[in-house]
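# Remarks on the overall topology
Spelled out, the chains give:
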Amino acid sequence: MKKDKISDATLTIVFSALIIFISAATIIKKPQDLSLSEGRELAKFPSASVESLKSGEYFDGIRNFYSDQLAFKSRFADLYASARLALGALELNGMVICQNGALAARQKNVDPEISKKNLAAARKLTDLSSSAILFVVPDSADAFFNFLPPLLSKAVAEKHGSGELDLQFLKKISSAPEKYYYKTDHHWTSDGAYQAYLLICKRLGIEPASIGSFETESVTKSFLGSTYRRSALPASFVTPDEIILYRHPSEHTLRVTDLVSNTELGGIYDLDELSGADPYRVFLGGNHAHISISAKSENKRPKMLVIKDSFANSLIPFLAIHFDLEVVDPRYADSSVAKKISPLSYFDSVLFICSRDTVSSNSSYAFFINSIAGT
């Protein structure tokens, strides 16, 4: 009995000392501004004030600080993930580990009604514009379907919901999906975007820019994207992706304007984003509610409206070779943007391009398109 009490006391002392040590280390160490593994800014130690103490905001800030800045947090997360993998886990945090080393999201927010309404609204675009194109982009689980663990492939297919995938595109990339989709991110690569561009040009009856007209530039070989961040896998478990940009001579003749803030952006690529939390933001500097991309010269070019999600960000540099673009992301746009782009007769062509994940989980697309159509 006495030995048991001594053991209990020893454990209590050890764990108390450990808690005190980690807490002290958290305060002493230099706080991080952002977490590259989570792709977000981290909380700072809050400033105390009478108001914040009364409202409880100060104590919430302390809780967030310790949650974000906890010393050795990444080591603990790696230890947990490694233990799960050692026990045979085939997925972590909804990210399926494919047999080719890719990570594919098991979609959990599927709503058949949202998908139905979004697609019905998108089809209205073909009534409003004779040159409207609907392009539902396959998700990473579609692209890497043949590499999913056998025990999970059926479950992923069932969970993934319905959507009018661009099957022609899926067939084109099926032979080497790892070339066309990042292994650690849910987006397609620049090569994948180029293949989509070729299909869109064919459907519009225009001549695409040949692959030889571009200079390729590798801007990072250490990209760890969204599926990696969400998986909480140890960095040692995955191979970082390479981001390659296709640089076309016309790129320097373009003007990119944020039409909400009425400010001119730096261009179609923002290289500063490569050192930020999400390097995929190198394309257009991330998502914007409403931007325009036009030639600086006064030469008249056809106009295209793009209604999109983030998959289009790496496609737009290709489309901008041929068109003056107005690009709208309904996830961030309000009704005032819908008024600005109506009527659609102003545009020579319209492109609706979204991933299946977005189509089946975000209802803002149906609302936005119906606002344009007046229904």
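Please refer to the structure higher up on the page.
Computed from a prediction, not measured in an experiment: that's the story for all the values here.

### Some details on the environment of S360
- With respect to the element layout, S360 can be found in the loop between α14 (356–359) and α15 (364–373).
- In this structure, the C-alpha to C-alpha distance between S360 and P112, residues 248 residues apart in sequence, is 6.4 Å.

### Some thoughts on the packing of aromatic side chains
- Applying the stated criterion to the full structure yields 19 aromatic pairs.
- Look at Y182 and F223: their rings are 5.2 Å apart centre to centre, the planes differ by 85°, and that puts the pair in the edge-to-face class. In this pair, Y182 sits in the loop between α9 (177–180) and α10 (190–204) while F223 sits in strand β7 (residues 215–223), placing the two residues 41 residues apart along the sequence.
- On the numbers, 5.5 Å between centres and 75° between planes, the contact of F214 with F318 is edge-to-face. With F214 in the loop between α10 and β7 and F318 in helix α12 (residues 316–319), the pair connects residues that are 104 residues apart, well separated along the chain. For the pair shown, F214 and F318 are each scored as buried.

### Remarks on the environment of S210
- If you trace the backbone, S210 turns up in the loop between α10 and β7.
- When its relative accessible area of 44% is taken as the criterion, S210 is described as partly exposed.
- Separated by 12 residues in sequence, S210 and L198 have C-alpha atoms that sit 9.4 Å apart.

### Some points on the sheet that holds strand β11 (residues 290–295)
- The seven strands lie next to each other as β6-β14-β12-β13-β11-β9-β10, forming an open sheet whose pairing is mixed. What marks the edges here is a single partner per strand, and that holds for β6 (132–137) and β10 (263–264).
- Note that β11 and strand β13 (residues 324–328) share four bridges and pair antiparallel. Across the sheet, residue H290 finds its bridge partner in β13, namely V328.
- Relative to the sheet, helix α5 (residues 112–128) contacts β6, β12 (303–308) and β14 (349–355), its axis offset from that of β6 by approximately 150°.

### A short note on the pattern of salt bridges
- The final tally for this structure, using the stated rule, is 10 salt bridges.
- One salt bridge in this structure joins R255 and E264, with 3.9 Å as the shortest N-O distance.
- We classify E264 as exposed; its relative accessible area is 53%.
- In this structure, a network of salt bridges that share partners links the residues E217, R247 and E251.

### Focus: α5
- With 17 residues, α5 should cover 24 Å at 1.5 Å per step; its first-to-last C-alpha distance of 25 Å lies within 8% of that length.
- Where the residues of α5 are buried, they touch β6, β12, β14, α14 and α15.

### Some details on the pairing of β13
- A large share of β13 lies buried, amounting to five of its five residues.
- Residues of β13 alternate between two faces, with D324, E326 and V328 on one and L325 and V327 on the opposite face, all of them buried.
- Note: β12 against β13, five bridges, orientation parallel. For I307, the partnering residue across the bridge sits in β13 and is V328.

### Overview of α10
- Helix length check: α10, at 15 residues, gives a terminal C-alpha distance of 21 Å against a target of 21 Å (1.5 Å per residue), a fit within 8%.
- Among the 15 residues in α10, 11 count as buried, and that is most of the element.
- Looking only at α10, the buried set comprises S190, D191, G192, A193, Y194, Q195, A196, Y197, L199, I200 and C201.
- Looking at the buried residues of α10, the elements they touch are β6, α8 (167–173), α9, β8 (241–247), α12 and β14.

### Quick look at the side chain of H290
- Mapped onto the elements, H290 comes out in strand β11.
- Here E326 takes part through its side chain, which lies 2.7 Å from a polar atom of the side chain of H290.
- Contact partners of H290, with chain neighbours within four places excluded, come to T257, D258, L259, V260, E326, V327, V328, V337, K340 and I341.

### Considerations on the side chain of S310
- Its location among the elements puts S310 in the loop between β12 and α12.
- Accessibility expressed as a relative area gives 10% for S310, which makes it buried.
- If near-sequence neighbours (up to four positions away) are discounted, S310 is found in contact with H186, H187, Y280, N287 and R331.

### A closer look at the nonpolar core
- In this structure, F135, Y181, W188, I293, L315, L325 and L351 are the most contacted members of the largest nonpolar core, which totals 55 residues.
- Broken down by element, the residue count for this core peaks at seven residues, all from α10.
- By size, the runner-up hydrophobic cluster in this structure holds 26 residues, among which are L125, A132, L165 and A338.

### What about the pairing of β14?
- Counting buried positions along β14 gives seven out of seven residues, so the element sits mostly inside the fold.
- Burial along β14 is two-sided: S349, L351, I353 and S355 facing one way and V350, F352 and C354 facing the other are all buried.
- Pairing of β6 with β14, which is carried by six bridges, proceeds in the parallel orientation. Across the sheet, residue A132 finds its bridge partner in β14, namely V350.
- Sheet analysis places β12 next to β14, joined by five bridges and oriented parallel. Its bridge partner lying in β14, K308 is registered against I353.

Here is what the cut-offs are and how they apply
- Residues numbered from 1 in each chain as written.
- Predicted model: local features only at pLDDT ≥ 70, side-chain atom pairs only at ≥ 80, totals over all residues.
- Heavy atoms only, no water.
- Helix = DSSP H or I, 4+ residues; strand = E, 2+ residues; numbered from the N terminus.
- Phe/Tyr/Trp six-rings, centres within 6.5 Å; stacked < 30°, edge-to-face > 60°.
- Buried < 20%, exposed > 50% of the residue type's maximum accessible area, 1.4 Å probe, protein only.
- Pairing = 2+ DSSP bridges.
- Contact = heavy atoms within 4.5 Å.
- Axes fitted to C-alpha atoms, helices over the stretch in contact; angles between N-to-C directions.
- Salt bridge = Lys/Arg side-chain N within 4 Å of Asp/Glu carboxyl O.
- Expected span 1.5 Å × (residues − 1).
- Polar contact = N/O pair within 3.5 Å; in protein donor to acceptor, adjacent residues only side chain to side chain.
- Core = buried A, V, L, I, M, F, W, Y, C linked by side-chain atoms within 4.5 Å.

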